[in-house]
Amino acid sequence: MARVCQVTGKRTISGNHVSKAHNKVKRVFKPNIQKKRFFLADEDRWVTLKVSAKGMKIINKRGIEAVVKELRAEGHKI
């Protein structure tokens, strides 16, 4: 499974670790992905999403029903 947020699309990116001597070494920046269950009241069932911390904030703000509707419009199977 890829480390990708289903709501925001955040994924692993690469960059440099820069030391005090300005030596550069490649490294990766991983998003804070959590496997989280949400209850859809209108469908009376639980859905499991892989979301980042930012994705959870978006769900809290807009509501799970609106986010799931948007994801289904984009073609994601939920």
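Every chain begins its residue count from 1, and numbering advances along the sequence as written. Given that the model is predicted, a residue must reach a pLDDT of at least 70 before its local features are reported, and side-chain atom pairs must reach 80 or more before they are shown or counted; all residues, however, enter totals for whole chains, interfaces and linings. Note that the side-chain values use all heavy atoms of the structure and ignore hydrogens as well as water.

(A) Looking closely at the overall build of the protein chain. Secondary structure is summarised from DSSP: a helix means a run of H or I of at least four residues, a strand means a run of E of at least two, and numbering begins at the N terminus for each. The secondary structure content of the protein chain amounts to 2 helices and 4 strands. When the helices and strands of the protein chain are placed in sequence order, the string is β-β-β-β-α-α. The reference for a compact globule is 2.2 Å times residues^0.38; the radius of gyration itself is calculated from the C-alpha atoms. Compactness check: the protein chain gives a C-alpha radius of gyration of 16 Å against a globular reference of 12 Å for 78 residues, more than 25% above the reference. For the protein chain, the spread of C-alpha atoms along the principal axes amounts to about 55 × 20 × 15 Å. For the protein chain, the residues scored as buried account for 26% of the 78 residues in total. Whether two residues are in contact is decided by their heavy atoms: any pair within 4.5 Å suffices. For the protein chain, contacts bridging at least 24 residues in sequence account for 37% of all contacts bridging at least 6. Carbon together with sulfur atoms contributes 51% to the accessible area of the protein chain, which is approximately 6000 Å² in total. For the protein chain, the separation between the mean place of its 20 positive charges and that of its 6 negative charges on side chains is 18 Å. Burial classes: relative accessible area under 20% of the type maximum marks a residue as buried, over 50% as exposed, and values in between as partly exposed (1.4 Å probe, protein chains only). Surface accessibility follows the Shrake-Rupley procedure with a 1.4 Å probe radius. Residue values consider only the protein chains on display as shielding. Charged residues are defined here as Lys and Arg on the positive side and Asp and Glu on the negative side; His and the ends of the chain fall outside this count. To locate a charge, take NZ of a lysine, CZ of an arginine, CG of an aspartate or CD of a glutamate.

(B) Looking closely at a positive patch on the surface. Grouping into patches uses exposed residues only, defined as over 30% relative accessible area, and leaves out salt-bridged ones; the cut-off is 9 Å for like charges and 5 Å for nonpolar side chains (Val, Leu, Ile, Met, Phe, Trp, Tyr). By definition, a salt bridge exists where a carboxyl oxygen of Asp or Glu is found within 4 Å of a side-chain nitrogen of Lys or Arg. A surface patch of like charges, here positive, comprises Lys 10, Lys 54, Lys 57 and Lys 61. When you line up the elements, Lys 61 lands in helix α1 (residues 53-62). Assessed through its relative accessible area of 75%, Lys 61 is described here as exposed.

(C) Region of interest: α1. Residues of α1 that are buried include every one of Gly 55, Ile 58 and Ile 59, and no others. The arc that holds every buried residue of α1, seen down its axis, measures 100°, which confines them to one face. Facing away from the buried side of α1 by more than 90 degrees, the exposed set consists of Lys 57, Asn 60 and Lys 61. Those residues of α1 that are buried lie in contact with β3 (33-40), β4 (45-52) and α2 (64-74). Our arc is simply the arc of the directions from the helix axis toward the C-beta atoms.

(D) Expanded view of the nonpolar core. Val 7, Phe 38, Leu 49, Val 51, Ile 59, Ile 64 and Val 67 are the most contacted members of the largest nonpolar core, which totals 14 residues. For this core, the elements supplying multiple residues, two or more each, are β3, β4, α1 and α2. Ranked by residue count, the leading element in this core is α2, at 4 residues. Once residues lying within four places of it in the same chain are set aside, the contact partners of Val 7 are Val 51, Gly 55, Ile 58, Ile 59, Val 67 and Leu 71. The set of buried Ala, Val, Leu, Ile, Met, Phe, Trp, Tyr and Cys residues whose side-chain atoms join them within 4.5 Å is what this entry labels a nonpolar core.

(E) View of the environment of Ala 41. Structurally, Ala 41 can be placed in the loop between β3 and β4. The exposure class of Ala 41 is exposed, given its relative accessible area of 53%. Ala 41 sits 23 residues away from Ile 64 along the chain, and the two C-alpha atoms are 9.4 Å apart.

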